Amino acid sequence: MPWSRILSGIVAIILALGMILLGGWYFTICFAIIVYLGQLEYFQLARAKGIDPAGKTTLVVSQVLLLVSTISYDLADAVFPVAGTFICFYLLFQPKLASIADISSSILGLFYGGYLPSYWVRLRALNSTQTSNLPLGGFWPENWTNLQTLPQGLKIILLAFLCIWAADIGAYIIGKFFGKTRLSDISPKKTVEGAAFGVSASVAVAVAGAWYLDWPGWPLTGIALGLLIGIASLLGDLTESMMKRDAGVKDSGQLIPGHGGILDRADSYVFTAPLVYYFVTLLLPLLERA
């Protein structure tokens, strides 16, 4: 593995942990930058296919979506259809007649690049107002020895990120050295052996996290969460690979040395966020009441 890939990966992890720890508007602002850069790469892929999406409009309404998710995450679901309608109206009144592909790629850009990532903002905001001890809704631990005192949203995101990292690293190492069976033609380097180990690593981390957080029925809830995250991160990776393959490019960008673009590193996180959010906010409360 090239040193540039290792170093840039370490820097990315440190920055990610910093913004997750602080939470509040610090998390939202940093995350909004990541979303903005990721959407730029997505629209570059679309334009490589001769499609002309409403890029600037989608970028703006996606940022609004993230801001609303921070202020009141219940309103984010209402902003999404309104934003989609606004994008369609914008395309209707352009000098050039918009095509189905233009409209579809714009709405997908909003959904894939804005709406789904907004669930990370919602997750970090869980019970954050009760624990905020910094300006702008931020947080800094007063006791580093007791992780149970951390905000709920922070603990959930840390667990989810650890599961994704375990899945990605496990799949990469096992697939590289022991993988023999190709998983999909979409991404020829991915193997069944690597994918299976990656999902298993995600499950192992999730079970340990469920035990530590004292979730009801922690072995089963940990297995369920680990499977959700492991499979969703894999599908997110394959989805981005499919878009790159269709656009005829190897990487979505060159922003991160040794890794490619933002989408190349964030693809595993896109579909994961809403699954984790509803797992924690809908399923766990039901199990606690059972």
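Everything that follows concerns the structure shown earlier in this document.
Computed from a predicted model, the values in this text were never measured in an experiment.

About the thresholds
Residues numbered from 1 in each chain as written. Predicted model: local features only at pLDDT ≥ 70, side-chain atom pairs only at ≥ 80, totals over all residues. Heavy atoms only, no water. Helix = DSSP H or I, 4+ residues; strand = E, 2+ residues; numbered from the N terminus. Rg over C-alpha atoms; globule rule 2.2 N^0.38 Å. Buried < 20%, exposed > 50% of the residue type's maximum accessible area, 1.4 Å probe, protein only. Contact = heavy atoms within 4.5 Å. Areas by Shrake-Rupley, 256 points an atom, 1.4 Å probe, with all protein chains shown as cover. Salt bridge = Lys/Arg side-chain N within 4 Å of Asp/Glu carboxyl O. Expected span 1.5 Å × (residues − 1). Bend = angle between axes of the 7 residues up to and from the residue. Lys, Arg positive; Asp, Glu negative; His and termini not counted. Phe/Tyr/Trp six-rings, centres within 6.5 Å; stacked < 30°, edge-to-face > 60°. Lys NZ or Arg CZ within 6 Å of the ring centre and 35° of its normal. Arc of directions from axis to C-beta.

Student: Explain the overall build of the protein chain here, please?
Tutor: Within the protein chain one finds 12 helices and zero strands. Counting from the amino terminus, the protein chain carries its helices and strands in the arrangement α-α-α-α-α-α-α-α-α-α-α-α. Over its C-alpha atoms the protein chain spans a radius of gyration of 19 Å, differing by no more than 12% from the 19 Å that the globule rule assigns to 290 residues. Dimensions of the protein chain, computed from the C-alpha atoms along their principal axes, are close to 60 × 50 × 40 Å. Counting the 290 residues in the protein chain, one finds 47% classified as buried. Taking the intrachain contacts of the protein chain between residues at least 6 apart in sequence as the baseline, contacts between residues at least 24 apart amount to 70%. Working note: accessible area of the protein chain is about 14700 Å², and carbon and sulfur atoms make up 71% of it.

Student: What's the story with the pattern of salt bridges in this structure? I'm lost.
Tutor: Pairs can form between side chains of opposite charge once their charged atoms are near each other. With the rule as written, the count across this model stands at seven salt bridges. Here Arg 182 ties to Asp 185 by a salt bridge, and the two come within 3.3 Å at their closest N and O atoms. The partner of Asp 251 in a salt bridge is Lys 250, and the shortest N-O contact between them spans 4.0 Å. The class of Asp 251 is partly exposed, set by a relative accessible area of 23%. Three or more residues are tied together by salt bridges with common partners; here these are Glu 240, Lys 244 and Asp 264.

Student: How do you make sense of helix 12 (residues 272-289) when you look at a structure like this?
Tutor: An α-helical turn contains 3.6 residues, so a residue and the one three or four places further along point in the same direction. Look at helix 12: 25 Å from first C-alpha to last across 18 residues, which is about the 26 Å you get at 1.5 Å a residue. Approximately 35 degrees is the largest bend angle found in helix 12, and it occurs at Phe 279. Structurally, helix 12 contributes buried residues whose contacts are with helix 6 (118-124), helix 8 (152-177), helix 10 (218-247) and helix 11 (262-270).

Student: For this particular structure, what's the right way to read the side chain of Asp 102?
Tutor: Among the structural elements, Asp 102 can be located in helix 5 (residues 100-115). Buried and unpaired, Asp 102 has Lys 96 as its nearest opposite-charge partner, separated by 4.8 Å.

Student: When you look at the packing of aromatic side chains in this model, what are you seeing that I'm missing?
Tutor: Both the distance between ring centres and the angle between the ring planes are used here to describe each pair of aromatic rings. Following the criterion strictly, the structure yields 16 aromatic pairs and no others. Here the aromatic residues Phe 80, Phe 111, Tyr 115, Tyr 119, Tyr 277 and Tyr 278 are joined through ring pairs into a cluster of three or more. Its guanidinium or amino end placed over the ring of Tyr 119, Arg 122 lies 3.9 Å from that ring's centre, counting from NZ or CZ.

Student: Before we go on, may I ask you to explain helix 4 (residues 76-92) in this structure?
Tutor: Taking 1.5 Å of rise per residue, the 17 residues of helix 4 would be expected to cover 24 Å, and the 25 Å separating its terminal C-alpha atoms lies within 8% of that figure. Listed in full, the buried residues belonging to helix 4 are Ala 76, Val 79, Ala 83, Gly 84, Ile 87 and Leu 91. Relative to the axis of helix 4, the buried residues are bounded by an arc of 135 degrees and lie together on one face. Facing away from the buried side of helix 4 by over 90 degrees, the exposed positions are Val 82 and Leu 92. On the buried face of helix 4, the contacting elements are helix 3 (55-71), helix 5 and helix 6.

This is a description of form; function is not addressed.
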